[in-house]
Amino acid sequence: MASDQIIVTLPSDASPDLIARVRDAFPEAVAAGEAPVETAIANPMALEAALATAVSSAGGLGPLLATWSSSIPGGPVTLLLIGLALLLAYGAERGLRALIESRLPRKQDPASYAERLRNGLFWLGGRLLLVCFFVVVARVIGRTILPPDPGLRELGLGLLGPIVLGRVIIIFIAALTAPGEPQRRLMGFEEGTAARILQLATVIASIVVGLRLLRAIVVDAAGTAPEAQLALVAFMIVNAVAAAIFFLSIRKPVTALMIREDEGVMPGWRVWSAKNWHWGFLLLILIDASLKIVGIVGLLGPDATGGAGHVIFTVLVATLLVAALGTLRHEPEIERMGSLVQGGLVLVEGLAIVGTAVLLLLLWGINPLTPPETGGLAAILSRLVEASVIIVVGIALWRAVVALISGSADDDGAEDDGGDGMGGEGSRIETVVPILRGFALTLIAVTTGMSALAALGINIGPLIASAGVVGLAIGFGAQKLVTDVISGLFYLYEDAFRLGEYVVTDGGKGTVERISIRSATIRHHNGPIYTIPFSAMGTIQNHSRDYVVMKFSFAVPDDTDVEMVRKLVKKAGQELAADPELDGKLIAPLKSQGAISIRGRSFEIGCKFTAKPGDQFVI
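Residues numbered from 1 in each chain as written. Predicted model: local features only at pLDDT ≥ 70, side-chain atom pairs only at ≥ 80, totals over all residues. Heavy atoms only, no water.

(A) View of the overall build of the protein. If you tally the helices and strands in the protein, you get 19 helices and eight strands. Among the 619 residues that make up the protein, the fraction classed as buried is 37%. Expressed as a percentage of contacts within the protein between residues at least 6 apart in sequence, the contacts between residues at least 24 apart total 66%. Counting every atom, the protein has about 34700 Å² of accessible surface; 65% of that belongs to carbon and sulfur. (Helix = DSSP H or I, 4+ residues; strand = E, 2+ residues; numbered from the N terminus. Buried < 20%, exposed > 50% of the residue type's maximum accessible area, 1.4 Å probe, protein only. Contact = heavy atoms within 4.5 Å. Areas by Shrake-Rupley, 256 points an atom, 1.4 Å probe, with all protein chains shown as cover.)

(B) Seen up close, unusual backbone geometry. Despite not being glycine, alanine 178 shows a phi value in the positive range, around 50°. Looking at alanine 178, the relative accessible area reads 0%, which means it is buried.

(C) Summary view of the nonpolar core. Judged by nonpolar contacts, the single largest core of 75 residues is most densely connected at Phe247 and Ile285. Elements with a contribution of two residues or more to this core: helix H5 (76–103), helix H6 (113–145), helix H7 (150–177), helix H8 (191–222), helix H9 (226–249), helix H10 (251–259), helix H11 (268–296) and helix H12 (309–329). Considering every element that reaches this core, the biggest residue donor is H7, with 14 residues. Discounting chain neighbours no more than four positions away, the residues touching phenylalanine 247 are Trp277, His278, Phe281, Ile285, Ile312 and Leu316. In terms of nonpolar packing, the next biggest core, distinct from the first, is built from 13 residues, Tyr491, Phe497, Ile532 and Met537 among them. (Core = buried A, V, L, I, M, F, W, Y, C linked by side-chain atoms within 4.5 Å.)

(D) View of the sheet that holds strand E6 (residues 548–557). Here we have three strands laid out as an open sheet, ordered E6-E8-E7, and antiparallel in their pairing. Two strands lie at the open edges of the sheet, namely E6 and strand E7 (586–599), each paired on one side alone. Direction aside, neighbouring strands of the sheet carry axes that sit 20° apart on average. (Pairing = 2+ DSSP bridges. Axes fitted to C-alpha atoms, helices over the stretch in contact; angles between N-to-C directions.)

(E) Summary view of the sheet that holds strand E2 (residues 508–515). Within the open sheet, the five strands sit side by side as E4-E3-E2-E1-E5. Their pairing is antiparallel. In this open sheet, the two strands that pair with only one neighbour each are strand E4 (529–533) and strand E5 (541–542). Two strands pair when backbone bridges link them, and E2 and strand E3 (residues 519–523) are joined in this way by four bridges, in the antiparallel orientation. When the sheet's bridge partners are listed, isoleucine 515 is paired in E3 with alanine 520.

(F) Spotlight on the pairing of strand E1 (residues 502–505). Bridge analysis of E1 against E2 gives four bridges, and the strand direction is antiparallel. Bridge assignment links threonine 505 to a residue of E2, and that residue is glycine 508. Hairpin connection from E1 to E2: two residues lie between these consecutive antiparallel strands.

(G) Quick peek at the pattern of salt bridges. Under the defined criterion, the tally for this structure stands at eight salt bridges. The salt bridge partner of arginine 523 is glutamate 513, with a shortest N-O separation of 2.5 Å. Of the two residues, arginine 523 sits in strand E3 while glutamate 513 sits in strand E2, which places them ten residues apart along the sequence. Residue arginine 523 is classed as partly exposed on the basis of its relative accessible area of 32%. Between glutamate 563 and arginine 566 there is a salt bridge; the shortest N-O distance is 2.4 Å. Of the two residues, glutamate 563 and arginine 566 are both situated in helix H19 (residues 562–578); the distance of three residues between them amounts to about one turn of the helix. In this structure glutamate 563 comes out as partly exposed when scored by relative accessible area, which is 38%. (Salt bridge = Lys/Arg side-chain N within 4 Å of Asp/Glu carboxyl O.)

(H) Representation of the confidence of the model for the protein within the structure. Per-residue confidence for the protein gives a mean pLDDT of 75, with 71% of residues at or over 70. Taken element by element, the predicted model of the protein shows its lowest mean pLDDT in helix H2 (residues 37–42) (43) and its highest in strand E8 (residues 602–611) (89). In this model, residues 33–42 is a region of pLDDT below 50 whose contacts with residues beyond four sequence positions or in other chains number eleven contacts. Residue range residues 413–421 is modelled with pLDDT below 50. Its contacts to residues more than four positions away, or to other chains, number 13 contacts. (pLDDT = per-residue confidence, 0-100.)

(I) Structural context of a positive patch on the surface. Positive charge collects at one region of the surface, where Lys551, Lys570, Lys591 and Lys608 lie side by side. Tracing the chain through its elements places lysine 570 in helix H19. Given the relative accessible area of 47%, lysine 570 is considered partly exposed. (Patch = residues over 30% accessible without salt bridge, like charges linked within 9 Å, V, L, I, M, F, W, Y side chains within 5 Å. Lys, Arg positive; Asp, Glu negative; His and termini not counted. Charge placed at Lys NZ, Arg CZ, Asp CG, Glu CD.)

(J) Spatial organisation of the environment of aspartate 579. Checked against the element boundaries, aspartate 579 lands in the loop between H19 and E7. The class for aspartate 579 is partly exposed, based on a relative accessible area of 29%. A distance of 3.0 Å separates the side chain of aspartate 579 from the backbone nitrogen of glutamate 581, its partner in a polar contact. (Polar contact = N/O pair within 3.5 Å; in protein donor to acceptor, adjacent residues only side chain to side chain.)

(K) Molecular detail of the side chain of serine 602. Within the secondary structure layout, serine 602 lies in strand E8. There is a polar contact of 2.8 Å between the side chain of serine 602 and the backbone oxygen of arginine 599. Contacts of serine 602, omitting those with residues within four sequence positions, involve Ala555, Val556, Pro557, Asp558 and Ser597.

(L) Layout of a nonpolar patch on the surface. A cluster of nonpolar side chains, namely Leu84, Leu88 and Ile145, defines an oily patch on the protein surface of about 230 Å² accessible area. The exposure class assigned to leucine 88 is partly exposed, which follows from its relative accessible area of 44%.

(M) Structural detail: the packing of aromatic side chains. If you walk through the whole model with that rule in mind, you get seven aromatic pairs. Both rings, one in phenylalanine 247 and one in tryptophan 277, keep their centres 6.4 Å apart while their planes meet at 75°; by these two values the pair is edge-to-face. Of this pair, phenylalanine 247 sits in helix H9 while tryptophan 277 sits in helix H11, placing them 30 residues apart in sequence. Since its relative accessible area comes to 14%, tryptophan 277 is described here as buried. Taken together, a centroid distance of 4.6 Å and an interplanar angle of 20° make the contact between phenylalanine 247 and phenylalanine 281 stacked. Within this pair, whereas phenylalanine 247 is found in helix H9, its partner phenylalanine 281 is found in helix H11, the two being separated by 34 residues in sequence. Of the two residues, phenylalanine 247 and phenylalanine 281, neither departs from the other in class, the shared state being buried. One aromatic cluster in this structure is built from Phe246, Phe247, Trp277 and Phe281. Here the guanidinium or amino end of arginine 167 rests over the ring plane of phenylalanine 134, the centre of that ring lying 5.3 Å away. Over the ring of tryptophan 123 we find arginine 184, and its NZ or CZ is 3.8 Å from the ring centre. (Phe/Tyr/Trp six-rings, centres within 6.5 Å; stacked < 30°, edge-to-face > 60°. Lys NZ or Arg CZ within 6 Å of the ring centre and 35° of its normal.)

In structure tokens form, the structure reads like this:
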């Protein structure tokens, strides 16, 4: 033990506060069993020395492998038996798959993404169950034909793991591309592109499986000894290069799939993301390989010596899952299911993103779920995870509320067919929706933001107190604003006017175009726009509700037969009612009211008809 080390022993029942105080007093201290992550990474000399040791010791790997092979009960014959067990298990799996597929009817090409998703998930679940069957059969055969040695069983499991991982990767890619089976294809590739991607994935996965099999043999023979470190580093580099080649090879078809024909209408940042998405994966591969190499040479502890395949596969599956959920959420069949389904899908998307980040940290040997009382980096990550979950729930709640409000507006709008011209009767819910949406967004955003800040350990008490003081000051200085808001609430509650209606107020007249929390925007029929505070509207005359009665008169000589005029007006009303251009515009036909006044030597004959608001001028 080095002479410059100091060991502090705490009682087993030490409180979290005591542990935190000790950590504060010794910020560079490392707990027993804890890897000095930050020191190792920040010290390039340690990495250089570790690599130099690995290179100088590489020559000893051959003797270690020879000793290992000679120590296996049965020698090379045992390895052949392990391979035979794997081949027999794979044959049993293929036979079971052929039997099942022969009894399943071939499905027709579905019309919707939801149907393809169901077929794809059914196929994926079946293939994964077959892989589980393969694992069970391989272990049963292995226990039957191999000597009863615990070391051999551990070696068999070490060789079985990479094979299962490679097969699962290929199965997931096949579920997405589905060459030859468009009825379950989850990504909109063309047939030729889908086949090429699956072939490339099969080649890359085979390389990864081979590397991990070699790695399992080296680890079983030499562990993480200096003699094996150089080989493990080489395996990691080749593994990372193979993963990078795969993403570089599929970047063009995936970019074309993400953009399609919508490049002219897509936001610029989405177009940029679609064209450069592969750089994020390449950066992730570089970070992951670097961390694993540092872990292999012993600078990050035993938890960081695994291969890169788990990380890349995890991120790939999570990315495709989020993309599939986003596509599914915009399917008409799903949109008709209501706001709760929409919000639920958004919640699953967010939790998938947060869960992937947590899983990546766990794969890199960092536990972000450590209670905050432990202090240090783990506490920060734990708070970040908690805050992220709160934000995800807030976003999901917001999307659900928006879908609920929009759905209510659509349903209400379908029942009330608004007019045109001078403003037909509009939908009441469409009038209130903008205010409800703004209020809901403010409430959810403030609540989510405050909760997230509290999860990060920030004291939000002063913020709440400050908000109360500011609100009180605004209340005293904005009495007119309060009057406007309260007047508007009563106008909306009493349904005095709606969007699209023609109204006459004390402040102006025109068609209601927009309603905010304190004013209404009204466009005059000649074009000018009035922005009228609710408190200045006064009495409102609404010309767009239910119906409009139009009255007019004309003069006839005093010797005219009034009864004949009545019949003529009635006939003209029947012709108007039969006119196809006026279909649905008349509520009550044109009628004569007889002589309503006498002017000199003529009679004034009155007429009237009832029409839908806004259509009276056309009639």
